[in-house]
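# A closer look at the structure
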Amino acid sequence: MAKVLMKGNEAMALAAIKGGCDAFFGYPITPQNEVPEYLSYHMKEYGRVFVQAESEVAAINMVYGAAGAGARVLTSSSSPGIALKQEGISYMAGSQLPAVIINVMRGGPGLGSIQPSQGDYNQVTRGGGNGDYHVLSFGPETLQETVDLVRQAFDIADYYRNPVMIAVDGLIGQMMEPVDLDNEIPKMDLPPKDWAANGKSGERGKRNTIVSLHLDTQGLEGHNLALKKKYDEMVEKEQRYEMIQTDDADIVIVAYGTVARVVRSVIETLREEGIKVGLLRPITLWPFPEKAFEKLPESAKMLLTVEMSLGQMHQDVRMVNEGKRKLAFYGRAGGIVPEADEIADEVRKLVGGSPA
Amino acid sequence: MKAQTIYKPTEGLTERQLTYCPGCTHGIIHKLIGEVLVEQGLLDTAVGIASVGCSVMSYEFFNCDTQQAAHGRAPAVATGIKRVNPEATVFTYQGDGDLASIGLAEIVHSAHRGENITVIFVNNAIYGMTGGQMAPTTLIGQKTTTSPRGREQAEAGLPLRMSEMLATVPGATYLERVSVHDPKHIRKAKKALQKAFDVQTKKQGFSMIEFISTCPVNWGMTPQDSLNWAVDQMIPYYPLGLFKDATKEEN
């Protein structure tokens, strides 16, 4: 298929259908409403399931049920709605169930705003619910990258039997860009879901149970360690990132999502002024791409984290850096997307120049 | 004389020993569900949803596929399973704290959508598992660990009648309240369960059977006194009977 011009949320919805999504359960919240709206019409054409739930809490528990029954399931929401879903996401991680969750992030805390934000970084990368677990999370930059990841996410979730989250700021959900939804994407070899509790115990010859309860302390610790092993495998295999003009950089900006797009033009401007600046762009937010930082050149004496939140990802940069390089931070909140000029000025200040 | 088998446990339950307190009626209700699933040939296609509370371990007891749900969310979990596997027989097993308090939205909306699932609602007017706290179903004057002077209407309102409430929901198909305090009522309860699963098999929509149950340990009574209390105190407030049968309206 040639490229088509689509709105971010609708493109993600179609990408989910193309990724083999069997069922969608969701609840309205701005700025992600075009995802359920699109699916409410189109899932039927493919003989698949769409349910508008009574709440985000119900929706994620429908996802838990359908995933437990072996289906490829999607839900989408935005920040406060994701907060409500965290109980179910924790249950899915504990029960080792796959699902794909789209989070079109808006400003917070509380009801916050409906403008774009990256203020969910912590709830996206720290599990978000109770217990020791992780959600494999992506923070894509363009609509093409977003839809490619949505299509791959179902395989990745099935492979690890773990929830996978696509976390985009509201801008990516709301903007239009040309996308190809039939390009080649990596496919994974997946075993049959012989663990699913789908009402076929007769056919199977044994009953299956989906549960996250382990009352025996040794048993639960064993389960926790088994999950940890899986998360270690994700850390080893799944770190994704892009490095742009970092080879000779004196200062490297760390940014993801929409902010990374703005930083690309900042780099052009500053390089013309002779300031050697590069971009390290995390694509996976968890696992955080530690490997990328190992590849930075000696010349890079300083890292500047820029995000649409007040230093959430910066905490990870600080941890990975382990005191090696000077660190700086620039963030905007409240639904404000930082402009190229203000980021460029921040860099000029840091390298000792004066604002243009 | 040669030994003959005149009674054996239902194959609808596993051989796992039940975890319920002596004298509680969960055991009888489990047995009835197991028997009905076997008799109607549904065990091999069934998925049971365990909730949070005394029956949390029921995923170990029903001899079919099972899934354990977060507190109150069993009807949402059942919705997910049933929508992607319409041929499966999906039932939830929930207590009154789970269904009538934290899970109120999920039960009302699954009835509202007319989900083709069967809900087993066990009402013993108290939170059993957590040690006997007040539930929405606790009777006026009933002492619990969080209503130590007895439930007062001014503070906690009047007990919630779920079957009556759900009977006002247009999407619900079959709602009946039963009791298992004596053999006659146990037989009647089994008939209600048969009907509820029959409604699901015929794809007629949402069915719920509410069981009046007992909690000797947290009520502070002997098993027999508990059964008497259920009859004398609970049934007058929670009358037994059929609250809705939309299958008749269809005929």
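Counting residues in hydrophobic clusters, the biggest one holds 116 residues, and the most contacted among them are Phe 25 and Phe 293 of chain A together with Phe 206 of chain B. If you tally residues by element for this core, the top one is helix α6 (residues 143–160) of chain A, at nine residues. Each of domain 1 (4–237) and domain 2 (241–350) of chain A contributes no fewer than three residues to this core. Beyond its immediate sequence surroundings of up to four residues, Phe 293 of chain A is in contact with Val 254, Leu 280, Phe 288, Leu 303, Val 317, Val 320 and Arg 325 of chain A. Core analysis: the second largest hydrophobic core is formed by 26 residues, Ile 33, Val 36, Leu 37 and Ile 209 of chain B among them.

Attention now goes to the packing of aromatic side chains. Residue and element names in this part refer to chain A. Scanning all chains against the criterion turns up twelve aromatic pairs over all chains. Where Tyr 159 meets Tyr 160, the ring centres are 4.7 Å apart and the plane angle is 90°; that geometry is what we call edge-to-face. Residue classification places Tyr 159 among the partly exposed residues on the basis of a relative accessible area of 33%. Note on Tyr 231 and Trp 286: the rings are 6.1 Å apart at their centroids and 90° apart in plane angle, and the pair reads as edge-to-face. Within this pair, whereas Tyr 231 is found in helix α9 (residues 217–237), its partner Trp 286 is found in strand β13 (residues 284–286), the two being separated by 55 residues in sequence.

Turning next to the domain arrangement of chain A. Residue and element names in this part refer to chain A. As far as domains go, chain A holds domain 1 (4–237) and domain 2 (241–350). Of note, the centres of domain 1 and domain 2, computed from C-alpha atoms alone, are 28 Å apart. Across the contact, 35 residues belong to domain 1 and 28 residues belong to domain 2. Of all residues in domain 1, Gln 118, Tyr 121 and Glu 141 give up the largest surface area on contact with domain 2, accounting jointly for 34% of the area buried on that side. At the boundary of domain 1 and domain 2, one finds six salt bridges. Measuring nitrogen to oxygen at the nearest pair gives 2.6 Å for the salt bridge that ties Arg 264 to Glu 141. Inspection of the domain 1/domain 2 interface yields 18 residue pairs in polar contact (both at pLDDT 80 or more). Contributing elements (two or more residues each) for the side of domain 1 that touches domain 2: α5 (121–125), β6 (136–138), α6, β7 (163–169), α7 (170–174) and α9.

All names here are of chain B. Position of Asp 182 relative to the elements: it lies in the loop between β5 (172–179) and α7 (183–201). Exposure remark for Asp 182: the relative accessible area of 25% places this residue in the partly exposed category. Along the primary structure Asp 182 and Leu 227 are separated by 45 residues, whereas in three dimensions their C-alpha atoms are 8.6 Å apart.

This part is about the sheet that holds strand β1 (residues 46–50) of chain B. Strand order in this open sheet of eight strands is β9(A)-β2(B)-β1(B)-β3(B)-β4(B)-β6(B)-β5(B)-β7(B), and the pairing throughout is mixed. Single-partner strands in this sheet number two, and they are β9 (209–210) of chain A together with β7 (241–245) of chain B. Alignment of β1 of chain B against strand β2 (residues 65–68) of chain B, held across four bridges, turns out to be parallel. When the bridges of β2 of chain B are listed, Gly 48 of chain B appears paired with Thr 66 of chain B. Sheet strands in contact with helix α2 (residues 74–84) of chain B are β1, β2 and β3 (89–95) of chain B, and its direction is about 175° off that of β3 of chain B. Against the sheet, α7 of chain B contacts β3, β4 (118–123), β5, β6 (206–212) and β7 of chain B, and its axis sits at roughly 165° relative to β5 of chain B.

Taking 1.5 Å of rise per residue, the 16 residues of helix α10 (residues 257–272) of chain A would be expected to cover 22 Å, and the 24 Å separating its terminal C-alpha atoms lies within 8% of that figure. Residues of α10 of chain A that are buried: Gly 257, Thr 258, Val 259, Ala 260, Val 262, Val 263, Val 266, Ile 267 and Leu 270 of chain A.

Rules behind the numbers
Residues numbered from 1 in each chain as written. Chains lettered and ligands numbered in written order. Predicted model: local features only at pLDDT ≥ 70, side-chain atom pairs only at ≥ 80, totals over all residues. Heavy atoms only, no water. Core = buried A, V, L, I, M, F, W, Y, C linked by side-chain atoms within 4.5 Å. Buried < 20%, exposed > 50% of the residue type's maximum accessible area, 1.4 Å probe, protein only. Helix = DSSP H or I, 4+ residues; strand = E, 2+ residues; numbered from the N terminus. Domains from an automatic or database assignment. Contact = heavy atoms within 4.5 Å. Phe/Tyr/Trp six-rings, centres within 6.5 Å; stacked < 30°, edge-to-face > 60°. Buried area = accessible area lost by both parts, 1.4 Å probe. Salt bridge = Lys/Arg side-chain N within 4 Å of Asp/Glu carboxyl O. Polar contact = N/O pair within 3.5 Å; in protein donor to acceptor, adjacent residues only side chain to side chain. Pairing = 2+ DSSP bridges. Axes fitted to C-alpha atoms, helices over the stretch in contact; angles between N-to-C directions. Expected span 1.5 Å × (residues − 1).

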